[in-house]
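Here is how the chains run, residue by residue.
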Amino acid sequence: MNQISDKLDWTISSLGFIIPEITLTLGILFLIMAGLIAKSSQFARLTGLSILAIQFILLVFYSRPEGPVNLFGGMLRADDFNFCLRCLIGLSGILVVLLSDSGSILKNPFEYF
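Here's a quick rundown of the structure. (Residues numbered from 1 in each chain as written. Predicted model: local features only at pLDDT ≥ 70, side-chain atom pairs only at ≥ 80, totals over all residues. Heavy atoms only, no water.)

### Some points on helix α4 (residues 80-99)
Counted only if it meets this: The secondary structure listing takes helices from DSSP runs of H or I that are at least 4 residues long and strands from runs of E that are at least 2 residues long, numbered from the N terminus. Expected helix span is taken as 1.5 Å per residue step, with the number of steps being one fewer than the number of residues. The cut-offs for exposure are 20% and 50% of the maximum accessible area for each residue type, with area from a 1.4 Å probe on protein chains only; residues under the lower value are buried, those over the upper are exposed, and the others partly exposed. The directions considered for the arc run from the helix axis to the C-beta atoms.
Taking 1.5 Å of rise per residue, the 20 residues of α4 would be expected to cover 28 Å, and the 28 Å separating its terminal C-alpha atoms lies within 8% of that figure. Taken together, the buried positions of α4 are F83, R86, C87, G90, G93, I94 and V97. One face of α4 carries all of its buried residues, which in axial projection span an arc of 125°. What points out from α4, more than 90 degrees from its buried face, is the exposed set F81, L88, I89 and L99.

### A look at the pattern of salt bridges
This is how it is decided: Salt bridges are defined by distance alone: a side-chain nitrogen of Lys or Arg within 4 Å of a carboxyl oxygen of Asp or Glu.
In this structure the tally under the stated criterion is two salt bridges. Its salt-bridge partner being R77, residue D79 comes within 3.7 Å of it at the nearest N-O pair. Accessibility expressed as a relative area gives 46% for R77, which makes it partly exposed.

### Things to note about the environment of L8
Tracing the backbone shows L8 in helix α1 (residues 2-15). By relative accessible area, which is 49% here, L8 ends up partly exposed. Along the sequence, L8 and F72 sit 64 residues apart, while their C-alpha atoms lie 9.1 Å from each other.

### What to know about the nonpolar core
Going by this rule: The set of buried Ala, Val, Leu, Ile, Met, Phe, Trp, Tyr and Cys residues whose side-chain atoms join them within 4.5 Å is what this entry labels a nonpolar core. Note on definitions: a residue-residue contact is assigned when non-hydrogen atoms from the two residues lie within 4.5 Å.
Among the nonpolar cores identified, the biggest contains seven residues, and these are L52, F56, L59, F83, C87, I94 and V97. Secondary structure elements with two or more residues in this core: α3 (41-62) and α4. Looking at this core, the element that brings in the most residues is α4, giving four residues. Leave out the neighbours within four places in its chain, and L52 touches L24, G93, I94 and V97.

### A look at unusual backbone geometry
The phi dihedral of F72 is positive, around 55°, even though this residue is not glycine. With respect to the helices, strands and loops of the structure, F72 is situated in the loop between β1 (69-71) and β2 (76-78). Judged by relative accessible area, which is 18%, F72 ranks as buried.

### Comments concerning a nonpolar patch on the surface
Spelled out, the test is: Without a salt bridge and with relative accessible area above 30%, a residue can belong to a patch; like charges are then joined within 9 Å and nonpolar side chains (Val, Leu, Ile, Met, Phe, Trp, Tyr) within 5 Å. Each accessible area value is a Shrake-Rupley result obtained with a 1.4 Å probe; residue values ignore everything except the protein chains displayed when judging cover.
Taken together, the side chains of L15, I22, L26, I28, L29 and I32 define a hydrophobic patch exposed on the protein surface, amounting to about 540 Å² of accessible area. Per-element accounting of the nonpolar patch gives the leading share, five residues, to helix α2 (residues 19-37). Position of L26 relative to the elements: it lies in helix α2.

These results come straight from atomic positions and should not be treated as a statement about function.
Here is the structure:
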């Protein structure tokens, strides 16, 4: 029984480092659902940009490790290199949304973002 509680403690303590990814996943699901209702290109662009901005802010403020940290019982590792790559991917997603114009988007803009 003690082994199960140790694994639950690892999981709970590791969830703080993946909050940006959870937020990004929920945002993408919201964007897909919003695409069923609204067909506006401007709404898709604004929604996509806000989802990526929230993910980047959470990444910077909530998931920077003090040093190398083993997550989920040693299955993953969070360190400075991991943090830099996550920031680079978040910034590149924001730049893609900002630099895309409405002429390059296909018929349904929610498929693009």
